[in-house]
There are 2 protein chains.
Amino acid sequence: MLVQKYKDMLSGKSVIRQLSEFATARGQEIGYENVFDYSLGNPSVPVPQEFTDEMIRMLTEMGTNALHGYSPSLGITSVREAVADSLERRFGLPYGKEHIFMAVGAAGALAHAFRLVTEPGDEILTFAPFFPEYHPYVDLTGAVLKVVPPDTERFQIHFGKFREMLTEKVMAVLINTPNNPSGVVYSAETLRTLADILREKSAEYGHTIYLISDEPYREIVFSGVEAPCVSAFYDNTIMCYSFSKSLSIPGERIGYVAVNPRCKDAEDMINMCGQISRGIGHNCPPSLIQLAVARVLDKTADLGVYETNRNLLYRELVNLGFTCVEPGGTFYIFPKALEEDAVEFCRKALKYDLVLVPGDTFGAPGYFRMAYCIDTEKVERSLEPLRRFVREVYGR
Amino acid sequence: MLVQKYKDMLSGKSVIRQLSEFATARGQEIGYENVFDYSLGNPSVPVPQEFTDEMIRMLTEMGTNALHGYSPSLGITSVREAVADSLERRFGLPYGKEHIFMAVGAAGALAHAFRLVTEPGDEILTFAPFFPEYHPYVDLTGAVLKVVPPDTERFQIHFGKFREMLTEKVMAVLINTPNNPSGVVYSAETLRTLADILREKSAEYGHTIYLISDEPYREIVFSGVEAPCVSAFYDNTIMCYSFSKSLSIPGERIGYVAVNPRCKDAEDMINMCGQISRGIGHNCPPSLIQLAVARVLDKTADLGVYETNRNLLYRELVNLGFTCVEPGGTFYIFPKALEEDAVEFCRKALKYDLVLVPGDTFGAPGYFRMAYCIDTEKVERSLEPLRRFVREVYGR
């Protein structure tokens, strides 16, 4: 018999996907260039030429059995070394290859992190607004994801609510900074307070509360903003990284787990990831992709376009009277809707061919997300329909 | 706290890996060319030039966002279509893209298949000799893998034992033909009998017993041997495939699940794979690799060397008096050891720099596996040490 829980999931449809499907259908009607699709977080800037060049070089010059042969389940040793060196150089923590586990995308990295530190029934806390896939990622392990309500003033952390919810059942706290969907970067002050509380409660409960830091947007930080290294604040941090956004290669599914070298049992934890892999069919990311990213570790795609887009949108939204925290990074912005029901707000925007995503999906009803990883030219063209929408529907 | 079950697994070490480590260490001592390492099933023949050419062509000619962009979680549509067309052409079953789910290697494919049809506590039966990773693959889902003892006469299926073990708790039967480690191809007669029993017992128990067919060696079948298509015998078959062996690209982790079009709810099952992915961090295989295999679906590496090696080894082993079923495919052979304790037998062989793997690992004590995916020249040079080993230790 087919397993019911997965069968039941078939009827639930992601709001983001539905909106994106609307955009595609509407695009076929009026031309995709006329649909202002702010629904999907799909990187739009080209992949750095160095990545393509290195791939071609390897395919041309390396023996095929070396290039396409089995990788060890923790990842190719030279790749793990290169990642560790790069992290050490950038963040000043003593990373070695024994702290690095190569993973199939951030989803793969998180799948290992959750299983490392939670048993079924244990709780993981995260903070709204949050990436909605965290729910199936965690829930299907048997652990329970609980969401701390948002600090809507600054989209940092609502520490009052957090303290209330940080019970003895919580084994890990999951953060995402720079944040999808708010675009906000957690400040040093936020991370310091978070770490203090985690240390205090770990001592009180007699077990380590791990910090799982999901950092796919780490490289997309705008000028004037400081993005502190999460691991530097708390020893028991499990960093989950993906190259999807920094190199504009989301389809290549490549990332890693990096356990803080100061974490107790760090090396065991990486070896345990290799065991977890056997249970979830992970094994290791494709060797070609591992080798390619290792050759361009400190490169990124030209991410400047996201800042240009942020500037355009933030200015316009504020001018139009939206309440909006200025994004410090990512390619998202998360303003307050002009009516209480953001779903209704986004539904009305569709008539202006503006595809926005209601914040309900991210645990923050009343807000909406715009993913501005689209051409600047299109962002510019979208401002007039946005103005019309606000004027005609809300009289502003 | 770290999860104990994964921590406990760290102390268990794979026998195959230990032997391979011995071979590497010994190789550093006496030169790797002098170690006759028959331990690892790592394809040795070069990747077909077409695969490399197509990769370079895509990297040179395609836009990077199309090439490296997000793939749908079931796999890229055009790739699924190409796989379905190829299967339909080859096996005459009406496959469409709705029956295909692209997976990160056979391990990824199996991880989805097991979760589709078993809940924790359910049983999966497989047949000795079997690939030992099936144990962690299944056990870590919460289901229970039970192993039917071998038919040592022909390494087909011991149907007597199978009937005894096929209780109401069994939700799936897992087969692997051509088989690792025996090299044997299940005959049409074996598959027909298996299917008859599965239909009979499904009816008797009032639930479908699925057949999960792990087919990474499907393309490595020697002349004169017929390798019947498993799915043609039984409607409720879930085929799990990997390109690792056919294209010699085990490091690229690319394969698929193909649900028999005649299976009830086939399309739902594929959609359910997309949901399972969310829980195990799978998402989808890298887009570049998906697109590349789709362009060389009906190509294989030059697999003839495996047949040459089989001929050399089989003849020699028989001449030396080994009891041995002739492999019909793969790059494995599975003779009976010359003493009851195959572990001891393999330990003694190490003194002759022959690295063999005891059958205990595969659920068939008393036998040993040789993986002859190595250069023919090396196979030839290994025959003399093999003869010396047999003569000096066993007086034959």
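Calculation criteria
- Residues numbered from 1 in each chain as written.
- Chains lettered and ligands numbered in written order.
- Predicted model: local features only at pLDDT ≥ 70, side-chain atom pairs only at ≥ 80, totals over all residues.
- Helix = DSSP H or I, 4+ residues; strand = E, 2+ residues; numbered from the N terminus.
- Rg over C-alpha atoms; globule rule 2.2 N^0.38 Å.
- Buried ≥ 20, exposed ≤ 12 C-beta atoms within 10 Å, placed from the backbone.
- Contact = placed C-beta atoms within 7 Å.
- Expected span 1.5 Å × (residues − 1).
- Bend = angle between axes of the 7 residues up to and from the residue.
- Nonpolar A, V, L, I, M, F, W, Y, C, P; charged D, E, K, R; others polar.
- Least-squares fit on C-alpha atoms with pLDDT ≥ 70 in both.
- Pairing = 2+ DSSP bridges.
- Core = buried A, V, L, I, M, F, W, Y, C linked by C-beta atoms within 7 Å.
- Domains from an automatic or database assignment.
- Axes fitted to C-alpha atoms, helices over the stretch in contact; angles between N-to-C directions.

Observations concerning the overall build of chain A
Broken down by element type, chain A carries 14 helices and 12 strands. Against the globule reference of 21 Å for 396 residues, chain A gives a C-alpha radius of gyration of 21 Å, in line with a compact fold. Counting only C-alpha atoms and orienting by the principal axes, one finds that chain A spans roughly 60 × 60 × 55 Å. Counting over 396 residues, chain A shows a buried share of 54%. Considering only residue pairs separated by 6 or more positions, chain A has 73% of its internal contacts joining residues 24 or more positions apart.

Re helix α14 (residues 376–394) of chain B
Residue and element names in this part refer to chain B. Its 19 residues place the ends of α14 26 Å apart at the C-alpha level, agreeing with the 27 Å of an ideal helix rising 1.5 Å per residue. Taken as a whole, α14 carries its principal kink of about 25° at Leu383; the proline Pro385 stands between one and four residues after it. What α14 keeps buried is the set Val379, Ser382, Leu386, Phe389 and Val390. Among the residues trailing α14, Gly395 stands out with phi positive, at a value near 60°.

A short note on the interface of chain A and chain B
Listed as interface residues are 62 residues of chain A and, on the opposing side, 62 residues of chain B. Put simply, the parts of the chain that give the side of chain A that touches chain B at least two residues each are α1 (4–9), α3 (49–61), α4 (64–68), α6 (105–117), α7 (134–139), α10 (266–280) and α11 (287–295) of chain A. With nine residues, α10(A) is the single largest residue contributor to the side of chain A that touches chain B. Looking at the side of chain A that touches chain B residue by residue, the class counts come to 31 nonpolar, 22 polar and nine charged.

Some words on the relation of the copies chain A and chain B
Rotating chain A by 180° about the axis while translating it 0.0 Å along that axis superimposes it on chain B, leaving an RMSD of 0.0 Å. Considering both components of the superposition, the chain copies are consistent with a two-fold axis. Taken as a fraction of all interface residues of chain A, those also at the interface in chain B reach 100%, which identifies the copy contact as same-surface.

Concerning the sheet that holds strand β11 (residues 357–358) of chain B
All names here are of chain B. Judged by pairing direction, the sheet is antiparallel, and its three strands sit side by side in the order β9-β12-β11 without closing on themselves. Edge positions in the open sheet fall to β9 (332–333) and β11, since each of these has one partner strand only. As judged from the two bridges shared by β11 and strand β12 (residues 368–371), these two strands associate in the antiparallel manner. The partner of Val357 across the bridge, within β12, is Arg369.

Some thoughts on the environment of Cys346(A)
All names here are of chain A. Inspection of the secondary structure assignment puts Cys346 in helix α13 (residues 342–350). Sequence spacing of Cys346 and Thr118 is 228 residues, and the spatial spacing of their C-alpha atoms is 37 Å. Look past the residues within four positions of Cys346 in its chain and what remains in contact with it is Leu356, Val357, Pro358 and Phe368.

Side note on α11(A)
Since the α-helix packs 3.6 residues into each turn, any two residues three or four apart lie on the same face. Residues and elements named next belong to chain A. Counting buried residues in α11 gives eight out of nine residues, a clear majority hidden from the surface. All of the buried residues along α11 are Ser287, Leu288, Ile289, Gln290, Leu291, Ala292, Val293 and Ala294. Buried-residue contacts for α11 involve α3, α4, α5 (77–91) and β2 (100–103).

With respect to the nonpolar core
Val257(A), Tyr372(A), Val257(B) and Tyr372(B) are the most contacted members of the largest nonpolar core, which totals 266 residues. Aside from chain neighbours lying at most four places away, what touches Val257(A) is Phe101(A), Ala103(A), Ala109(A), His112(A), Ala113(A), Ile238(A), Cys240(A) and Cys273(A).

Topic: the domain arrangement of chain A
All names here are of chain A. Partitioning chain A into structural domains gives domain 1 (4–47 + 302–394) and domain 2 (50–295). Placing the centre of domain 1 and that of domain 2 at their C-alpha centroids yields a distance of 27 Å. With 26 residues of domain 1 at the contact, the number on the domain 2 side is 32 residues. For the side of domain 1 that touches domain 2, the secondary structure elements donating two or more residues are α12 (304–319) and β9 (332–333). Classifying every residue of the side of domain 1 that touches domain 2 gives 15 nonpolar, eight polar and three charged.

A closer look at the sheet that holds strand β3 (residues 123–127) of chain B
The strands that make up a sheet are held in pairs by hydrogen bonds between backbone atoms, and each pair lies either parallel or antiparallel. All names here are of chain B. Spatially, seven strands are ordered β2-β8-β7-β6-β5-β3-β4 in an open sheet, and the strand pairing comes out mixed. Looking at which strands have only one partner, the edges of the open sheet turn out to be β2 (100–103) and β4 (144–148). When strand polarity is set aside, the average angle formed by the axes of neighbouring strands in this sheet is 20°. Where β2 meets strand β8 (residues 255–259), four bridges bridge the pair, whose relative direction is antiparallel. Looking at the pairing, Ile100 lines up with Ala258 of β8.

Focus: the pairing of strand β7 (residues 237–242) of chain A
All names here are of chain A. Burial within β7 is extensive, with six of its six residues counted as buried. Here β7 shows a buried face lined by Thr237, Met239 and Tyr241 and a second buried face lined by Ile238, Cys240 and Ser242. Direction of pairing for strand β6 (residues 210–214) relative to β7: parallel, over a ladder of four bridges. Along β7, the bridge assignment pairs Asp214 with Cys240. As paired elements, β7 and strand β8 (residues 255–259) share five bridges and run antiparallel to each other.

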